Amino acid sequence: MNEPNKNDKKSSLWKSLGTGLAVLAGLIVYAYGFQITKIDLEQLRSERRQESLVRVTRALAQPDIFEYEQVSEAFTAPVYVTCPADGGIVEAPDTSGPYVTVTPSCAEPGEIVTVEGFKFVPNSSGPVRFVPGSDPTNVVELGNDTATTDADGSFSVGIKLPKRPSDEAQFIRVTMRRNVGTPMFTQTARETWNKIIETVFLALLATTLGTILAIPLSFIAARNLMKSVRSPLTSIALSLLGWPLGIAIGYLLVSWVGKLSVPFAENIPVNVLFVALTPILASLGLRWSLPEEETSKPSKTTQTLRLIVLFVTVLIAFYGLFQLANLAINVGLLGIAGFGSLAFLGNFLFQLGDIIAITTPVLGGLATGSALSSFLGRTGQRASEKLAPGAIRLLNILFATLAGATLFGLFGRLVEWLYQIGQPTYVLWGPLIVGGLLGLALAVTTKPKDTLSTGLVIYYVTRTVLNGLRSVEALVMAIVFVIAVGIGPFAGVMALGLHTIVSLAKLYSEQVESIQPGPLEAIQATGANRLQTIIYAVIPQIVPPYISYTMYRWDINVRMSTIIGFVGGGGIGFLLQQNINLLNYRAASAQMLAIAIVVASMDYISSVLREKYV
Amino acid sequence: MLQVKNLTKIYDGGVKALNNVTFDAPKGQFLAVIGLSGSGKSTLLRCINRLIDPTEGQILWNGEDVTAANPEEMRRIRRKIGMVFQHFNLVHRSKVLTNVLAGRLGYVNPAWSLLNRFPKEDMTKALQQLERVGIADKANQRADELSGGQQQRVGIARALMQDPEIILADEPVASLDPVLAHSIMKHLEEINKKDGVTVLCSLHFLDLVHRYADRVIALNEGKLVFEGLPSEIDDKKFKDIYGRDAERVG
């Protein structure tokens, strides 16, 4: 029993030695930290710093929010500079109202006399002046706010008499300012109000934009949904090829449709006609080409006919979108001209129209891209089911090489655009060959009927991009957007919006990963496809956390948008920074107060809403 | 007619959940699957509608090879196979009616699902199914407001919406008390006898097996160890299925 005891002692010795070393190491780390962060209390003790600190703290404690209209009244008391022979006897002042006395009533220049005032408005102040008897316009300023009344409305101040000797009676004039009427907001307060409103709406728009785009992203960044997505190589290669091809075709096609609407662009009745007709035509077309329920498989001709009708319907829908954009722009222009104080509604319509007009071709490109990609993907899937392994291998080699080359070629174009290398060996042929070879290698090593886990690849790529973008602060993004769209709140919306997308997508996707798997399984078992499974099993489960996170994010965005102005992103930050730089601390204090109020009330509102809806 | 041939499932970790299982389930039969927890009952049922992909073997359903079906064919096959779960697997935050309507998803065009739309006939049908299982008055409540027994009825109504030819029931009464268990089993029995739907049901309690099943198969560590009538399970067979130390309780 002795042996282990000895061992224990030994190890406990080592242990305490280790602890001692760890403490020592910790001390050294902190000592170095003190050195690095320049901790120096001597600065704090310096009188000059203390004075400025007091000045700034007092200014911050008095935010520049209210002001009064001021009236000033002057009161005088006679004084003799160099005492006359009679000893400078002055009349007793009228003590029924406010009055000022000087004691003694005569003195040599440079001597100090006491100026006292009584029966004034408490806590008011004003300058004290010396008015020579011979020349009343040639006053001597004796200091601003020199006379400050106490709570009783009286003051007492020592005044050094100027070198203006005279035989005549001269005067000390006290001009008292006092606030009259109700308090009013200062100019600073009004500016702060405008900017804080801008800030709140900046946060609102950024959050909305971010939420809308983060939701679909969160599904492809969720491991549990993507893990089961597997497809054969033929299908992957073909759908990869389908994307760029489809995007190009769709963009051109929809732009062409857009040109068709140009002749009628400025004719509001025509706009209205098309905007009214399109939904009817589109819904008829959709109803016919996408029957709600089908028990048996339709014939090939029906399928083809349906595809054609669907295609035409989609084109009509895009035409309708362009006309809607035109209508919004036209009505918006009318509104800007004629709505008066409601012109912002007109502007809203105009901008909305502009957004639709700009995004429609992009939307068309993306829609066609996804449609073509999924069509080709399905064709690939069928081919790999029906064909013999040898034929599949051949197809795989062909398409995987092509797809690899296309992917890397496009990437090369991006690199060229970013860095302007200008050497086709590196940015065109190189990537094409490397991509092709990689595709070829993949096709050769993959067994023809094997499926690859496309889902996980998409998952990892999405996650990486999200994490990368998330690590860039919104403030830094704002700098980029300020360059892209100019100084102002729009740049702030874009920067905060982008940051919201990436961070919400991550938070959301983690929620998707933690849903109950049971309902998912049950919905899948009914024969629902992936989209239906998401709509009926995933979305109902993630509504509460999504609402909760969105509100949390709005909260963050309000706080962020208060400082996004530091780099020109609009909002109250610009004003705050300006006032701090101008050492205008009372104004800065008003802005800080506004930020505090908004952030605190957002906090309160979001917690109330969360409790109610989640 | 369901034919399972040499079905084997090996999970990623190397666990052999099913080992060369072969059996048939003729149309209209009430076939019970028994065995200890972890014997492969759930895996077997989930292989049949490919919620789990089997490693080897074949499943033929009305002559069609389920194991080789592509996603589109799988959708058509699955919509004829209803499934009832031990933990009901309802979407808690959705209405009861929505949960029942979800049974039609294999038929509804996915594009319309985006808009959360079901045809009118489906709505009527859903209410009829709820009436059939006796909870028509709960149609507009949230699923998680219902008691366990009621939730399982919703699960059955959802399976019925599929116009199923077979229902896979994975321990449908294991989380319910004995009284509720019988009422749920009676619903399954009625669907089996009246509509002629084949039922493949895994069960824990032998008295339920004796009371409801036409035929029994038993699994032990992934192997089929018994196939026959419920009355054929004597004490020796029982020990084969549940192990040497097992004792009969019900």
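Up top is the structure.
Every value quoted in this text rests on a predicted model; they were computed, and no experiment measured them. (Residues numbered from 1 in each chain as written. Chains lettered and ligands numbered in written order. Predicted model: local features only at pLDDT ≥ 70, side-chain atom pairs only at ≥ 80, totals over all residues. Heavy atoms only, no water.)

Q: Could you give an account of the overall build of chain B, naming the residues involved and the relevant values?
A: Scanning chain B from terminus to terminus reveals 9 helices and 10 strands. Against the compact-globule benchmark of 18 Å for 250 residues, chain B has a radius of gyration of 18 Å, which places it among compact chains. When its C-alpha atoms are laid out on the principal axes, chain B stretches across 55 × 40 × 35 Å. Per-residue burial over chain B gives 56% buried out of 250 residues. Summed over its atoms, the accessible surface of chain B is roughly 10,500 Å², and 49% of this surface lies on carbon and sulfur atoms. For chain B, the distance from the average site of its 34 positive side-chain charges to the average site of its 32 negative ones is 4 Å. (Helix = DSSP H or I, 4+ residues; strand = E, 2+ residues; numbered from the N terminus. Rg over C-alpha atoms; globule rule 2.2 N^0.38 Å. Buried < 20%, exposed > 50% of the residue type's maximum accessible area, 1.4 Å probe, protein only. Areas by Shrake-Rupley, 256 points an atom, 1.4 Å probe, with all protein chains shown as cover. Lys, Arg positive; Asp, Glu negative; His and termini not counted. Charge placed at Lys NZ, Arg CZ, Asp CG, Glu CD.)

Q: Which residues make up the interface of chain B and chain A, and what values do they have?
A: As a measure of interface size, the accessible area lost when the parts come together is often cited. Taken together, the contact pairs 39 residues of chain B with 32 residues of chain A. Carbon and sulfur atoms supply 53% of the area buried between chain B and chain A, which totals about 3,200 Å² over both sides. Across the chain B-chain A interface, the total number found is 3 salt bridges. The partner of Glu521 of chain A in a salt bridge is Arg46 of chain B, with the nearest N and O atoms 2.5 Å apart. The tally of links between chain B and chain A comes to 13 residue pairs in polar contact (both at pLDDT 80 or more). For the side of chain B that touches chain A, the per-class residue count stands at 17 nonpolar, 12 polar and 10 charged. (Contact = heavy atoms within 4.5 Å. Buried area = accessible area lost by both parts, 1.4 Å probe. Salt bridge = Lys/Arg side-chain N within 4 Å of Asp/Glu carboxyl O. Polar contact = N/O pair within 3.5 Å; in protein donor to acceptor, adjacent residues only side chain to side chain. Nonpolar A, V, L, I, M, F, W, Y, C, P; charged D, E, K, R; others polar.)

Q: Give a description of the packing of helix α13 (residues 474-485) of chain A against helix α14 (residues 489-513) of chain A that names residues and reports values.
A: Residue and element names in this part refer to chain A. At their nearest, the axes of α13 and α14 sit 8 Å apart, and the two run at 135° to each other. Our classification of the angle between α13 and α14 gives oblique. Crossing geometry of α13 relative to α14 is assigned as right-handed. Within the contact between the two elements, α13 uses Ala474, Met477, Ala478, Phe481, Val482 and Val485 and α14 uses Phe490, Ala491, Met494, Ala495, Leu496, Leu498 and His499. (Axes fitted to C-alpha atoms, helices over the stretch in contact; angles between N-to-C directions. Parallel < 35°, antiparallel > 145°, perpendicular 65-115°, else oblique. Left-handed = near helix turned anticlockwise from the far one by under 90°.)

Q: Lay out the sheet that holds strand β4 (residues 56-61) of chain B with the relevant residues and their values.
A: All names here are of chain B. Ordered by their spatial adjacency, 4 strands build an open sheet running β2-β1-β4-β5, and the pairing between neighbours is antiparallel. This sheet does not close on itself; its edge strands, each paired only once, are β2 (16-25) and β5 (64-65). Pairing geometry for strand β1 (residues 2-10) and β2, over 6 bridges, is antiparallel. In the sheet register, Gln3 faces β2, and the bridge partner there is Asp24. (Pairing = 2+ DSSP bridges.)

Q: Tell me about a positive patch on the surface, and name the residues and values.
A: A cluster of basic side chains, namely Lys297, Lys300 and Lys386 of chain A together with Arg76 of chain B, defines a positive patch on the protein surface. Here Lys386 of chain A lies in helix α9 (residues 343-386). Judged by its relative accessible area of 66%, Lys386 of chain A is exposed. (Patch = residues over 30% accessible without salt bridge, like charges linked within 9 Å, V, L, I, M, F, W, Y side chains within 5 Å.)

The values reported here are purely geometric and, on their own, carry no functional implication.
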